[in-house]
Amino acid sequence: MSLTHHLAAGDLLNALRGAACPSSALHLYSLLRLRLRPSDPSYLASRAAVLALKPLSAASSLPLLSHFHGHLLRSNLIAYPHVASSLLRSYSLLSPSAAHQLFDQIPPATCNIYVLNIMLASLCRSSDLDSARAFFDGIPDKEAVSWSTMLACYFSRGRLADGFALFRSVTFTTNIAVDCIMLTTLLTACTSAGLLPPFCRSVHGYVVRCTLPTSMHLGTTLIDCYAKAGHLDYATRVFSRVPNRNVMHWTAMICGMASHLRNKEAVQLFEEMCQRRVQPNEMTFTAVLSACVNAGLVEKGREFFKLMVDRYCLEPNIHHYGCMVDLYGKARLLEDAYEVIKTMKVEPNVFIWTSLLAACKKFKNVKIAIEGMEKALALEISD
DNA sequence: ATAGGGTTAG
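All of these numbers come straight from a predicted model, not from anything done at the bench.

Caption draft 1: Local environment of the packing of aromatic side chains. Across all of its chains, the model carries 10 aromatic pairs by this definition. Ring geometry for F103 and F135: centres 5.5 Å apart, planes at 65°, overall edge-to-face. In this pair, F103 sits in helix α6 (residues 96–105) while F135 sits in helix α8 (residues 129–138), placing the two residues 32 residues apart along the sequence. Between F270 and F285, the ring centres sit 5.3 Å apart and the planes meet at 65°, which makes this aromatic pair edge-to-face. On the criterion of sequence distance, the pair formed by F270 in helix α16 (residues 263–275) and F285 in helix α17 (residues 282–295) is long-range, its members being 15 residues apart. On the basis of relative accessible area, F270 is assigned to the buried category, the value being 1%. Aromatic rings pair up to connect F270, F285, F304 and Y312 into one cluster.

Below you can see the structure in the form of structure tokens.
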């Protein structure tokens, strides 16, 4: 507190950049406002407002946000397009209707392409496709961001034909260069639609030919795409050429190995990743645990589960518990499997019970089967 | 000098 008293506006701005919770952000913001002199450039206050908005929307508190909105109106900071667009984005994540309302009040002079793209993204998330498309069509000077927002909207809602048609028009009717993000969007859609190998290769070829800077996301998506298509050799090649592999790259690779029953390699990759001090996440553990299930590696599975909780402090979810029930059930350790269900912190679902009952059937354990069945039925009724 | 689009689970 006393320390912040001596900080210059620039330092306060930096502190604001790192502020995580709304209260510290608002505190730093008001200190900075007090510190500003008439001689300071007027954009400083607007930059501070933008930085303060981030933790505000992360805390997802609508009252706090509208309070700050009031301040932005009174101080007229809202006339800065980047302030208006940041506010609009914050609203759109919390309340699409409030975002819509705000958008209608933004004067034409402030309503630049950023504001329009954010509004488009908001409609894409919360509104029907036709309204989003109508809004998109009305944007005068569309940028790559506008196109990729609309593309992602179609693809994420399963409208593949419309998505591809839109991709064709961006490539053939505009001068807009296809960038990494558009390609990521496109590849994700193709991967989920099962349109894999030739397409993936041509996108990959395009990336290499045009020496596009391969973003972290695009690298992950390429690995995932090749792996899902069963081209683990290509996936491995892409993987090995990513300069600073992050969790996502490792996880995509481990998932790929596990889903093609190359379980030993999945486990090896996982161990190598830990050695290299890359922090695994929930998804990584789902992948490596399922490799253990496939290969019947009971002790490894037990070890990894412990690692997840004790060392990486991750809360096991339904997928992890499912793997453990499977792992024990398939190894005839029915008591252990049942123990997992009895002690797990989330509600067991139908997959979990089915897995246990299947193991009971296989190993002819009537006692646990009856008990499990009763519990499963009791849950069903109480739902 | 500041703001916007994309990634992973039978």
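Caption draft 2: Structural context of the packing of helix α9 (residues 144–156) against helix α10 (residues 160–173). Contact geometry for α9 and α10: axes closest at 7 Å, N-to-C directions at 160°. Considering their axes alone, α9 and α10 lie roughly antiparallel with respect to each other. Judged by the sense of rotation from one axis to the other, the crossing of α9 with α10 is left-handed. Contacts between α9 and α10 involve W147, M150, L151, Y154 and F155 on the former and, on the latter, L160, D162, G163, F164, L166, F167, S169 and V170. Partitioning the contact of α9 with α10 into residue classes produces 10 nonpolar, 2 polar and 1 charged.

How each quantity is defined
- Residues numbered from 1 in each chain as written.
- Chains lettered and ligands numbered in written order.
- Predicted model: local features only at pLDDT ≥ 70, side-chain atom pairs only at ≥ 80, totals over all residues.
- Heavy atoms only, no water.
- Phe/Tyr/Trp six-rings, centres within 6.5 Å; stacked < 30°, edge-to-face > 60°.
- Helix = DSSP H or I, 4+ residues; strand = E, 2+ residues; numbered from the N terminus.
- Buried < 20%, exposed > 50% of the residue type's maximum accessible area, 1.4 Å probe, protein only.
- Axes fitted to C-alpha atoms, helices over the stretch in contact; angles between N-to-C directions.
- Parallel < 35°, antiparallel > 145°, perpendicular 65-115°, else oblique.
- Left-handed = near helix turned anticlockwise from the far one by under 90°.
- Contact = heavy atoms within 4.5 Å.
- Nonpolar A, V, L, I, M, F, W, Y, C, P; charged D, E, K, R; others polar.

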